[in-house]
2 protein chains.
Amino acid sequence: MLSDKNAPIGVFDSGVGGLTVAREIMRNLPNEKIVYFGDTARVPYGSKSRDTVVRYSRQIVRFLQTQEVKAIVIACNTASALALDTIEKEIDIPIIGVVKPGASMAIEATRNNRIGVIATQSTIKSNLYQTLIGQSNPEITVYGKACPLFVPLVEEGWTKDPVTVEVAKRYLKELMEKDIDTLIMGCTHYPLLRHLLQEVIGDHVTLVNPAYETAQALKRMLKEMDLETEEILSEGCPEHRFFASDGVDNFSAYANTILPCEVSSTGLVAIESY
Amino acid sequence: MLSDKNAPIGVFDSGVGGLTVAREIMRNLPNEKIVYFGDTARVPYGSKSRDTVVRYSRQIVRFLQTQEVKAIVIACNTASALALDTIEKEIDIPIIGVVKPGASMAIEATRNNRIGVIATQSTIKSNLYQTLIGQSNPEITVYGKACPLFVPLVEEGWTKDPVTVEVAKRYLKELMEKDIDTLIMGCTHYPLLRHLLQEVIGDHVTLVNPAYETAQALKRMLKEMDLETEEILSEGCPEHRFFASDGVDNFSAYANTILPCEVSSTGLVAIESY
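Below: a short report on this structure. As the structure is a prediction and not an experimental result, all values here were calculated from the model. (Residues numbered from 1 in each chain as written. Chains lettered and ligands numbered in written order. Predicted model: local features only at pLDDT ≥ 70, side-chain atom pairs only at ≥ 80, totals over all residues. Heavy atoms only, no water.)

## A look at the interface of chain B and chain A
At step 1: In this complex, chain B contributes 26 residues to the contact, which on the side of chain A involves 26 residues.
At step 2: Buried area between chain B and chain A, both sides added, is near 2,200 Å², and the carbon and sulfur share of it is 49%.
At step 3: Between the two partners, chain B and chain A, sit 6 salt bridges.
At step 4: The shortest N-O distance in the salt bridge between Arg55 of chain B and Glu272 of chain A comes to 3.2 Å.
At step 5: The interface formed by chain B and chain A holds 20 residue pairs in polar contact (both at pLDDT 80 or more) in total.
At step 6: Among the elements of the structure, α2 (50-66), α7 (150-155) and α8 (162-177) of chain B are those that each provide at least two residues to the side of chain B that touches chain A.
At step 7: When its residues are assigned to classes, the side of chain B that touches chain A shows 12 nonpolar, 5 polar and 9 charged. (Contact = heavy atoms within 4.5 Å. Buried area = accessible area lost by both parts, 1.4 Å probe. Salt bridge = Lys/Arg side-chain N within 4 Å of Asp/Glu carboxyl O. Polar contact = N/O pair within 3.5 Å; in protein donor to acceptor, adjacent residues only side chain to side chain. Helix = DSSP H or I, 4+ residues; strand = E, 2+ residues; numbered from the N terminus. Nonpolar A, V, L, I, M, F, W, Y, C, P; charged D, E, K, R; others polar.)

In structure tokens:
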């Protein structure tokens, strides 16, 4: 495999949620160029089957390969949980997801060996957080809870709303009864609810944002593989590119509320043809 | 055009919501066979663009044509609002949507000429209910409100929940201030919230369920076109068939909670290839 160190990093998600991961990469690897793809025509993935999520992820990886990326980050918990295993065997560029970094961070954070995971239905059903954490430390118990209303509540903009507080109380109740001391926000939308979740669950619980740890894991991986960019910027942002499969104008507008670098336009991709 | 009177009727939706329309067809046209397709791999449509919804609807119509249907019902408000116009020009079998029947019913129901429509973002943005009602009676004013949280709340099963009551109060507030006397439930999931919506908005407002009126419109159309089936059942259900693009087992299970006829299995369709 011959990779161009100065090539961009491919980052993809089912939609806009993965922009929180792109944001962490921009903050922590400020010289690396990103090619972001959001599958807004088929969002969400969180209620869909493994076969479907694998098929969609494969198409996106093929698209990112046409953009000559040097590495790929699956910035979507559901696709990381359902498709990473399969896809990493099929391609010859390095690829990481958000689940493993999130799991590692939670293992470091817990003191009482009781970890909660909130995520989409498909991520919870995959049991991947449980499996990875259990393999690393069998003494830790992981409690999962699917929270399907959080994504639509975030997308409605109700991130500080009493309705969302009530929904969070309902969803978190059983995890609180299990006396967890660490909670993995296992869906890229959830960090946008961070303050509300912390308030509901209490200060004694450490919230884990896999997006941050994923950026750190990417940094280590690029260093180990000698793939760090040689293009060092003194100021500003490198040339990131953004693509989506639907609603590109809304995508750009939303991305500009999340990212530290300006998104001037988003390209429309007919992802079904890849 | 040579159609077999005894051929089935194609009914499609972005997912399971259109089953409320299939139910009304089963109740009101008990001898007609249905071929139902739910696009569960790409659900929801309500936040997606016209181009994408037209592309998806075309693929589904092509699939239904392979099932030799004699007529098609778009049992999805968003696809009816965004794609019916385009598709009816492209095919030679009769096709109807749910928007026009819903609009007609609301025009008949209103006494004070103030009608509210609740629907997905894309349906509201299309302004189609407004346009159709305005063309028919310019004295009627139509007020639209997108309610993106209703579908996930229904899918979570919270159809009688205080959280849903609070969300409904929020969404319906501005329509109530406009003094509407008729409310169109412009998304196929919403009739499952009928009782809750009626309680929040008050008994003086007539709730319009386009699903019922669509079944009546279909009945009239089949009669006018001499397409009514000749196969008359003395008891039981005709041989309906069900297809979806993902999660077929969940689909069957859910369909059996909605429909008067048993769904023994659902076929998986790779809809992207049509």
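## Let's talk about the sheet that holds strand β2 (residues 34-38) of chain B
Residue and element names in this part refer to chain B.
At step 1: Within the open sheet, the 6 strands sit side by side as β4-β3-β1-β2-β9-β10. Their pairing is parallel. Both outer strands of the open sheet, β4 (95-97) and β10 (267-268), are each paired with one neighbouring strand and no more.
At step 2: Judged from the 5 bridges that link them, strand β1 (residues 9-13) and β2 form a sheet pairing that is parallel. What sits directly across from Gly10, in β2, is Val35.
At step 3: Along the sheet face, helix α1 (residues 19-28) touches β1, β2, β3 (71-74) and β9 (241-244) and points at about 170° away from the line of β2. (Pairing = 2+ DSSP bridges. Axes fitted to C-alpha atoms, helices over the stretch in contact; angles between N-to-C directions.)

## Considerations on helix α3 (residues 77-88) of chain A
At step 1: Between its first and last C-alpha atoms α3 of chain A spans 15 Å; for 12 residues at 1.5 Å apiece the expected length is 16 Å, and the two agree.
At step 2: A large share of α3 of chain A lies buried, amounting to 9 of its 12 residues. (Expected span 1.5 Å × (residues − 1). Buried < 20%, exposed > 50% of the residue type's maximum accessible area, 1.4 Å probe, protein only.)

## Here we look at the pattern of salt bridges
At step 1: Throughout the structure, instances matching the rule amount to 28 salt bridges over all chains.
At step 2: One salt bridge connects Glu32 of chain B with Lys70 of chain B, and the closest N-O pair in it is separated by 2.6 Å. Linking Glu32 of chain B in the loop between α1 and β2 with Lys70 of chain B in the loop between α2 and β3, this pair joins segments that are 38 residues apart in sequence.
At step 3: Since its relative accessible area comes to 1%, Lys70 of chain B is described here as buried.
At step 4: Linked through salt bridges whose partners overlap, the residues forming this network are Asp39, Arg42 and Arg55 of chain A together with Glu272 of chain B.

## Focus: the packing of aromatic side chains
At step 1: Throughout the structure, instances matching the rule amount to 18 aromatic pairs over all chains.
At step 2: On the basis of an interplanar angle of 80° and a centroid distance of 5.4 Å, the ring pair of Phe63 of chain A and Tyr274 of chain A is categorised as edge-to-face. One end of the pair, Phe63 of chain A, is in helix α2 (residues 50-66); the other, Tyr274 of chain A, is in the segment after β10 (267-268), with 211 residues separating them in the sequence.
At step 3: Note on Phe63 of chain A: relative accessible area 2%, which makes it buried.
At step 4: Residues Phe63 of chain B and Phe243 of chain B carry aromatic rings whose centres are separated by 5.1 Å and whose planes lie at 75° to one another, so their mutual orientation is edge-to-face. Of this pair, Phe63 of chain B sits in helix α2 while Phe243 of chain B sits in strand β9, and the two are 180 residues apart along the sequence. The pair formed by Phe63 of chain B and Phe243 of chain B is uniform in burial state, with each residue classed as buried.
At step 5: Members of the aromatic cluster, each reached through a chain of ring pairs, are Phe37, Phe63, Phe243 and Tyr274 of chain A. (Phe/Tyr/Trp six-rings, centres within 6.5 Å; stacked < 30°, edge-to-face > 60°.)

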